[in-house]
Amino acid sequence: MKSKLLTALILGCVFTGLGNSTANAQEGKFALGGYLDWTFTAYEAGVKPSSFNAFHYNPIFLYQVEDNILASAELEFENGGDEIVVEYMQLDYIWNDYVTFTLGKFLVPFGAYNRRLHPTWIARVPGKPLSNIDVVPTGWAEVGLMASGAVGLGENGARVNYSFYVSNGLEGAAGDGIRELRKEGDPREMNNSSKAVGGRLGIVPTAGVEFGVSGYTGKYDAVATPVLNLNMVGVDGEYHYQDLFELRGELNQADQEITPGQYVIKRGYYAQAALKLSITDNDLLMPFELAVRVSGQNFTGVADDIHEVTPTINYYFGSTTVLRLGYSFNGASQGATAYKKVDNQFVAMFAKGL
Amino acid sequence: MRLAKTSLGRAIIGAIVVVSLFGVTAAFSGEMDGARVFRNNCTKCHNERSPMEKTDKEWRVVVTHMRTIALLTAKESRAVLKYLQANNRD
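Rules used in this analysis
- Residues numbered from 1 in each chain as written.
- Chains lettered and ligands numbered in written order.
- Predicted model: local features only at pLDDT ≥ 70, side-chain atom pairs only at ≥ 80, totals over all residues.
- Heavy atoms only, no water.
- Helix = DSSP H or I, 4+ residues; strand = E, 2+ residues; numbered from the N terminus.
- Buried < 20%, exposed > 50% of the residue type's maximum accessible area, 1.4 Å probe, protein only.
- Contact = heavy atoms within 4.5 Å.
- Areas by Shrake-Rupley, 256 points an atom, 1.4 Å probe, with all protein chains shown as cover.
- Buried area = accessible area lost by both parts, 1.4 Å probe.
- Salt bridge = Lys/Arg side-chain N within 4 Å of Asp/Glu carboxyl O.
- Nonpolar A, V, L, I, M, F, W, Y, C, P; charged D, E, K, R; others polar.
- Axes fitted to C-alpha atoms, helices over the stretch in contact; angles between N-to-C directions.
- Parallel < 35°, antiparallel > 145°, perpendicular 65-115°, else oblique.
- Left-handed = near helix turned anticlockwise from the far one by under 90°.
- Patch = residues over 30% accessible without salt bridge, like charges linked within 9 Å, V, L, I, M, F, W, Y side chains within 5 Å.
- Core = buried A, V, L, I, M, F, W, Y, C linked by side-chain atoms within 4.5 Å.
- Polar contact = N/O pair within 3.5 Å; in protein donor to acceptor, adjacent residues only side chain to side chain.
- pLDDT = per-residue confidence, 0-100.

Novice: Can you walk me through the overall build of chain A in this structure?
Specialist: Counting its secondary structure elements, chain A contains three helices and 17 strands. For chain A, with 354 residues in total, the buried portion stands at 52%. Put simply, of all contacts in chain A between residues at least 6 apart along the chain, 54% involve residues at least 24 apart. Total accessible area on chain A stands at roughly 14600 Å², and carbon and sulfur atoms take up 64% of it.

Below, the structure written as structure tokens:
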């Protein structure tokens, strides 16, 4: 905890100190962003106590070092401050119109959810899709080097975009849950000498539509000479009608080697739709949005398959301020036998983009 | 689905080369409509933010950041910045 507080303090001093000590020279080089949220969760069968949570306060600090160099960092204060981590801390060097190099700790471009959509003021439904917890983790940052960019294909918004990286990679003990392999909060000084590679290639055929394919491969056992492979592949897609309706989803698969030659296949999916009722032009309905997410994970017999359906009503106080009321219907199956889980849950979330 | 590291590595290098070569030939003339680019891309993830929220200089920093997150083209990010700066208080 001390090291985390120290990191937060150093980052704060760096950003505020730079601003104060050379105010004139630095004027206009800083910007702040981020988000915060508060939640209340209650469980249908009372299997867990209902609880309030000051869930996230994630300020993002941006510093334009040069016209083509940007330093950025996101601090994460989670669960009332019990968890303080640096979500990412990176330097972007815009080499030319088509290639940007990112050095440092960056959010991994696997699908769209991890890098772009997980902030709670952006995600239309409370909680994470099941495809993006233990199949492909969310809040997944890697330390390494990334090249990314985009190329326009015409005047209708069509383009190709790409992100490819080499990084230290996920690391942990044989068979650890993939989410645990992130080692969130650790300095990511790895025992494992093997590097991971991965990336995403996206295609925007026309404005409002995007498809992407992602991949990752590396060895994850935390020893000097690792042998256990972790390979992931995913596809994602989204469709938007203006800013009124969206449909998006991901299909992800992870092949995790548990012992040499023996793999566990983990698959996950999610689909989400959201409709803003401003489409009705009714003043009363204007601030509301209806959303629903369906997601699931399948560990091919190693654990129960689980799935959820979460209808949500969103009320926007402003473009960046929202109250979400969601109810998750959770289910599971063991082999061919489906059963209803008893932890259906209601979530009220207030989220604010900064 | 066991991705050979060497195959993936070759694929990555190949993709970068293809995209870079394509970029050289994909020069489109004419000015983009920044408002349209803004609405077509920024609102894919989040609600539309008001240009009034930030100063010209702050928007420059934010758009540089969002260019790498949203993977906008250089031309699109310049059009968005121009739109935001033209419609705030500065």
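Don't stop here, the text continues.
Novice: I would appreciate a short explanation of the interface of chain A and chain B in the present structure.
Specialist: Reports often express the size of an interface as the amount of accessible area lost when the parts come together. Every contact between the two is made by 68 residues of chain A and, on the other side, 47 residues of chain B. Summing both partners gives a buried area of about 4900 Å² for chain A against chain B, and 57% of it is carried by carbon and sulfur. At the junction of chain A and chain B, the tally comes to four salt bridges. Taking the shortest distance from any N to any O, the salt bridge between Glu-76 of chain B and Arg-159 of chain A comes out at 3.3 Å. Taken together, the residues of the side of chain A that touches chain B break down into 28 nonpolar, 22 polar and 18 charged.

Novice: So what exactly am I meant to see when it comes to unusual backbone geometry here?
Specialist: Keep in mind that most residues, glycine aside, have a negative phi and that most peptide bonds are trans. Residues and elements named next belong to chain A. Backbone geometry places Gln-242, a non-glycine residue, at a positive phi of 45°. Along the chain, Gln-242 turns up in the loop between β10 (229-241) and β11 (245-259). Since its relative accessible area comes to 53%, Gln-242 is described here as exposed. In this structure, Asp-281 takes a positive phi of about 65° despite not being glycine. By secondary structure assignment, the location of Asp-281 is in the loop between β12 (262-276) and β13 (288-298). What makes Asp-281 exposed here is its relative accessible area of 64%.

Novice: So what exactly am I meant to see when it comes to the packing of helix α3 (residues 56-70) of chain B against helix α4 (residues 74-86) of chain B here?
Specialist: Helix packing for two helices is described by the angle between their axes and how far apart those axes are. Residues and elements named next belong to chain B. One can describe the packing of α3 onto α4 by two numbers: an axis separation of 10 Å at closest approach and a directional angle of 155°. Between α3 and α4, the angle is such that the two are roughly antiparallel. Between α3 and α4 lies a crossing of right-handed hand. Note on element contacts: α4 touches α3 through Ala-74, Ser-77, Val-80, Leu-81, Leu-84 and Gln-85, opposite Asp-56, Trp-59, Arg-60, Val-63 and Arg-67. Here the residues of the contact of α3 with α4 sort into six nonpolar, two polar and three charged.

Novice: Sorry, what's going on with the pattern of salt bridges here?
Specialist: A side chain of one charge can pair with a side chain of the opposite charge if their charged atoms are brought near each other. This structure, assessed with the given rule, holds 16 salt bridges over all chains. For Glu-53 of chain B, the salt bridge goes to Arg-49 of chain B, with nearest N and O atoms at 3.0 Å. Because the salt bridges share partners, they merge into one network encompassing Arg-116, Arg-124, Arg-200, Glu-210, Asp-236, Glu-238, Glu-246, Arg-248, Lys-276 and Glu-289 of chain A together with Lys-44 of chain B.

Novice: What should I look at first to understand a nonpolar patch on the surface in this one?
Specialist: All names here are of chain A. Where nonpolar side chains cluster on the molecular surface, the patch consists of Val-213, Val-235, Leu-251, Tyr-269, Val-292, Val-294, Val-309 and Phe-329 and spans about 610 Å² of accessible area. Secondary-structure assignment places Val-309 in strand β14 (residues 305-318). Take Val-309: its relative accessible area is 33%, and that puts it in the partly exposed class.

Novice: Would you mind showing me how to read the nonpolar core here?
Specialist: Grouped together as the largest cluster of nonpolar side chains are 21 residues, with contacts concentrated most on Leu-62 of chain A together with Phe-38, Val-80 and Leu-84 of chain B. Only β2 (51-66) of chain A together with α2 (34-41), α3 and α4 of chain B provide two or more residues apiece to this core. It is α4 of chain B that provides the largest number of residues to this core, a total of five residues. Not counting residues up to four positions away in its chain, the partners in contact with Val-80 of chain B are Gly-34, Val-37, Phe-38 and Val-63 of chain B. By size, the runner-up hydrophobic cluster in this structure holds 19 residues, among which are Leu-170, Leu-181, Leu-230 and Ala-254 of chain A.

Novice: What is the right way to look at the environment of His-240 of chain A in this model?
Specialist: Looking at the element boundaries, His-240 of chain A is found in strand β10. Residues within four places of His-240 of chain A in sequence aside, it is in contact with Gly-208, Phe-245, Glu-246 and Arg-248 of chain A together with Lys-44 of chain B. A distance of 2.7 Å separates polar atoms of two side chains, one belonging to His-240 of chain A and the other to Glu-238 of chain A.

Novice: I would appreciate a short explanation of the confidence of the model for chain B in the present structure.
Specialist: Residue and element names in this part refer to chain B. Across chain B, pLDDT averages 80, with 67% of residues at or above 70. In this model residues 23-28 is a low-confidence stretch, pLDDT under 50, and it forms 11 contacts with partners more than four residues away in sequence or in other chains. Reported confidence for the predicted complex is 0.88 by ipTM and 0.87 by pTM.

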